Amino acid sequence: MTDDVVTLQRFFAEVRAGRLTGIRCRECGELTIPPKELCAACGKRAWDTVPLKGDGTISSYTVIRVAPRGHTGETPYAVAVVQLSEGVSLLGRVVEVPLESLRVGLAVRFRPLVVGEQTMVGFGPA
Amino acid sequence: MRRVAVIGVGVTRFGKHDRSSAELFAEAARDAIIDAEIEPRAIQALYYGNVTGGESERQLHMGPLAATILGLPTVPSTRFENACATSHAAFRHAVMEIGAGVSDVVLVGGAERILHVPTDHATEFFAYCSDAAYEQPTGLTFPGVFALIARAHMEKYGTTEEQMAHVAVKNHRHGLHNPKAQFQKEISLETVLKSAYVADPLKLLDCCPFTDGGAAVILASEEVARRHRRPIWVLGTHAATDTMFMHEKRDLARVPATERAAAGAYRQAGRGPGDVDVVELHDCFTIAEIVATEGLGFFEPGTGGMAAEKGWTSVGGKIPVNPSGGLKAKGHPIGATGAAQIAEIVTQLRGEAGPRQVEGARTGLTHTLGGNTATVLVSLFGCD
């Protein structure tokens, strides 16, 4: 058992500080994104905190042109699923990449995006 | 488990309404009661589906409200929420209540009212079906979720925007014959392809509309159903869940929950994809229909786009998909959709679908997908 729990609050506090945090199961080696109580692969609860380097490639992307309330002034903007070099993926806003340059397989690098109280995962040029 | 049949169906006109979702549901339920030829007091439970009522109508505790407005204030009532699969999830639990012998007659369905709020609010409320920590802050919308799936499908299998457009054209052609449909007009391939991008590569006419509407079905035990003129039997009903996080989906070009829900429903029914005559499936976006026709086993993974292009999913084709017009043309009141799909399949299997009838249909399937593909239900139906 471990008390080193990565809560959502802690994950995004780390994001604000420029760091990505994964958790790895000591029993089966599964690497995942927190928060998780039990390991979905083996059912155990034995997590180690693992820093993630933040480099990865786009596995899919879209350009949002009709936005929800709160984001309407930001269109068009890109959102992508990025597979990190450690194997796990994260969804994030893509910034500083021309929309027409987006493609599956494009190398990108994590960057924190903080707007007021809101923190999100972002990705920019590698 | 005891056998369960659908003995009554009711659906409101889909589109813009000036009544609350509970009122819309009550109208559909009234029609279902008339169709079932039962006394209202025979109903022993209400399983009610609604998704955005808390946000769009400032209304929770909707089960008892719907029962009260219907005129059955003392019937035990519960509200279900499973994103866009809501009333199909309610249906499965109602089947289990009858199957377990707890009740003999259960009313199940749902309603949604959303067209009275501005589009950006509606888009936000629907996005609440995605994760609040990782996904909503990025501004990911529901068209965005399916755009990620579409891009992955195009990348992996070579599916084209034109193939996706064929789904929209076909479902609008079907919807022409559905007097309850929100859109009863044909659209051309060129019109779809020239419509504006909403979330690349999805365009406006790849997307189903926002819709107000209600739908209801009445389920009965075999003993009660045998007295009905045309019971339609529930052959199988299965639910599957997958990770909520887009970042944990291992292959964005597939929907594993559809594949697992279908496998479970086929197993229960003792049938396979080749036995199905007519399908109502969850075409919230054109790519969703393509991926669903693959996941349900009608076509190999990666070939759903070609099947749409060749017309294999049209009424008169190899496997008629969405004769009602689907979510695309009929409309998608998210709390009502699962029940509305079941109502269409029941109507088809009774042979009462008029100009959109799939001739000789004896086995039907409904498929409803919730949110970011985390919930899928599949049910199979048959007639005597």
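Throughout this document, residue positions are counted from 1 along each chain, in the order its sequence is written. A letter from A marks each chain and a number from 1 marks each ligand, given out in the order of writing. For a predicted model such as this one, the threshold for reporting local features is a pLDDT of at least 70, and the threshold for listing and counting side-chain atom pairs is 80 or more; totals across whole chains, interfaces and linings nevertheless cover every residue. Side-chain calculation: all heavy atoms of the structure are included, whereas hydrogens and water are not.

J.: When you look at the overall build of chain B in this model, what are you seeing that I'm missing?
T.: Per the secondary structure count, chain B includes 14 helices and 11 strands. For 384 residues, the compact-globule estimate of 2.2 N^0.38 gives 21 Å, and the C-alpha radius of gyration of chain B, at 19 Å, lies within 12% of that figure. Each residue gets one of three labels from its accessible area relative to the maximum for its type: buried under 20%, exposed over 50%, partly exposed in between, using a 1.4 Å probe on protein chains only. A burial count over chain B gives 67% of its 384 residues as buried. Contacts are assigned to residue pairs that have any heavy atoms within 4.5 Å of one another. Of the contacts formed within chain B by residues at least 6 apart in sequence, a portion of 77% connects residues at least 24 apart. On chain B, roughly 12700 Å² of surface is accessible, and the fraction owed to carbon and sulfur atoms is 51%. One way to put it: in chain B the 36 positive side-chain charges average out to a point 3 Å from where the 43 negative ones average out. Helix numbering and strand numbering both begin at the N terminus, where a helix is a DSSP run of H or I of at least 4 residues and a strand a DSSP run of E of at least 2. To get the radius of gyration, use the C-alpha atoms; to get the globule rule, take the number of residues to the power 0.38 and multiply by 2.2 Å. All accessibility values rest on the Shrake-Rupley procedure with a 1.4 Å probe; residue burial counts only the protein chains present in the view. Only four residue types enter the charge count: Lys and Arg as positive, Asp and Glu as negative, with His and the chain ends excluded. By convention, the point assigned to a charge is CZ for Arg, NZ for Lys, CD for Glu and CG for Asp.

J.: Explanation requested: the sheet that holds strand β1 (residues 4-11) of chain B in the structure shown.
T.: Within a beta sheet, neighbouring strands are joined by backbone hydrogen bonds and run either parallel or antiparallel to one another. Residues and elements named next belong to chain B. Strand pairing is defined by DSSP finding a minimum of two bridges between the two strands. The strand order across the open sheet built from nine strands is β3-β2-β4-β7-β1-β8-β11-β10-β9, with neighbouring strands paired in mixed fashion. Of all the strands in the sheet, the pair left with one neighbour each is β3 (77-80) and β9 (278-280). Within the sheet, the average angular offset between the axes of one strand and its neighbour, ignoring direction, is 25°. Here three bridges tie β9 to strand β10 (residues 363-370), and the two strands are oriented parallel to one another. Among the inter-strand pairings, Val278 is bridged to a residue of β10, identified as Gly364. Note on method: axes are straight lines fitted to C-alpha atoms, helices fitted across the in-contact stretch only, with angles between N-to-C directions ranging 0 to 180 degrees.

J.: What should I look at first to understand helix α14 (residues 337-350) of chain B in this one?
T.: Think of an α-helix as 3.6 residues a turn; residues three or four steps apart then line up on the same face. All names here are of chain B. Working rule for helices: expected span equals 1.5 Å times residues minus one. Under the 1.5 Å per step criterion, the end-to-end length of α14 is 20 Å for 14 residues, consistent within 8% with the ideal 20 Å. Counting buried residues in α14 gives 14 out of 14 residues, a clear majority hidden from the surface. Following α14 by one or two positions, Gly351 adopts a phi angle in the positive range, close to 80°.

J.: Explanation requested: the interface of chain B and chain A in the structure shown.
T.: How large an interface is tends to be reported as the accessible area lost when its parts come together. Taken together, the contacts link 30 residues of chain B with 34 residues of chain A. Buried area: the accessible surface (1.4 Å probe) lost by two parts on joining, summed over both. Summed over both partners, the interface of chain B with chain A buries about 2700 Å², with 61% contributed by carbon and sulfur atoms. Contact with chain A buries area across many residues of chain B, yet Tyr134, Thr138 and His247 of chain B alone supply 24% of it, more than any other trio. What makes a salt bridge here is a side-chain nitrogen of Lys or Arg within 4 Å of a carboxyl oxygen of Asp or Glu, nothing more. At the junction of chain B and chain A, the tally comes to four salt bridges. Close ionic contact of Glu248 of chain B with Lys36 of chain A constitutes a salt bridge, the shortest N to O distance being 2.3 Å.

J.: Could you clarify how one ought to interpret the sheet that holds strand β2 (residues 31-32) of chain A in this entry?
T.: Residue and element names in this part refer to chain A. What the three strands build is an open sheet, ordered β2-β1-β3; its pairing is antiparallel. Lying at the two open borders of the sheet, with one neighbouring strand each, are β2 and β3 (47-52). Here strand β1 (residues 20-25) pairs with β3 via six bridges, running antiparallel. Within β3, the position partnered with Gly22 by the bridge is Val50.

J.: Is there a simple way to explain the packing of helix α6 (residues 142-157) of chain B against helix α11 (residues 286-295) of chain B in this structure?
T.: Axes are the key here: two packed helices are described by the angle between their axes and the distance separating the axes. Residues and elements named next belong to chain B. Contact geometry for α6 and α11: axes closest at 9 Å, N-to-C directions at 60°. Taken as axis vectors, α6 and α11 run oblique relative to one another. The two elements α6 and α11 meet at a crossing, and its hand is left-handed. Residues Phe146, Ile149, Ala150 and His153 of α6 touch α11, and the partners they reach there are Ile287, Ala288, Ile290, Val291 and Glu294. Following the grouping adopted for this structure description, the nonpolar residues are Ala, Val, Leu, Ile, Met, Phe, Trp, Tyr, Cys and Pro, the charged ones are Asp, Glu, Lys and Arg, and the polar ones are all others, Gly among them. Taken together, the residues that form the contact of α6 with α11 break down as seven nonpolar, one polar and one charged. An angle below 35 degrees is treated as roughly parallel, one above 145 as roughly antiparallel, one from 65 to 115 as roughly perpendicular, and anything else as oblique. The handedness criterion is simple: a crossing whose near helix is rotated anticlockwise from the far helix by less than a right angle is left-handed, and one whose near helix is rotated clockwise is right-handed.

J.: Got a minute to help me understand the confidence of the model for chain B in this structure?
T.: Low pLDDT means the predicted atomic positions in that stretch should not be read closely. The predicted model of chain B has a mean per-residue pLDDT of 98, with 100% of residues at 70 or higher. In the predicted complex, the global pTM is 0.98; the interface-specific ipTM is 0.97. One confidence number per residue, pLDDT, is output by the predictor and ranges from 0 to 100.

J.: Can you walk me through the environment of Thr375 of chain B in this structure?
T.: Residue and element names in this part refer to chain B. Mapped onto the fold, Thr375 is located in strand β11 (residues 375-383). Of the residues examined, Thr375 reaches a relative accessible area of 14% and is grouped as buried. In sequence terms Thr375 and Thr243 are 132 residues apart; their C-alpha atoms lie 8.9 Å from each other. Polar contacts, as counted here, are pairs of nitrogen or oxygen atoms within 3.5 Å of one another; within protein the pair requires one atom able to donate a hydrogen and one able to accept it, and residues that are adjacent in sequence qualify only if both atoms are side-chain atoms. At 3.3 Å, the side chain of Thr375 and the side chain of Asn82 are in polar contact.

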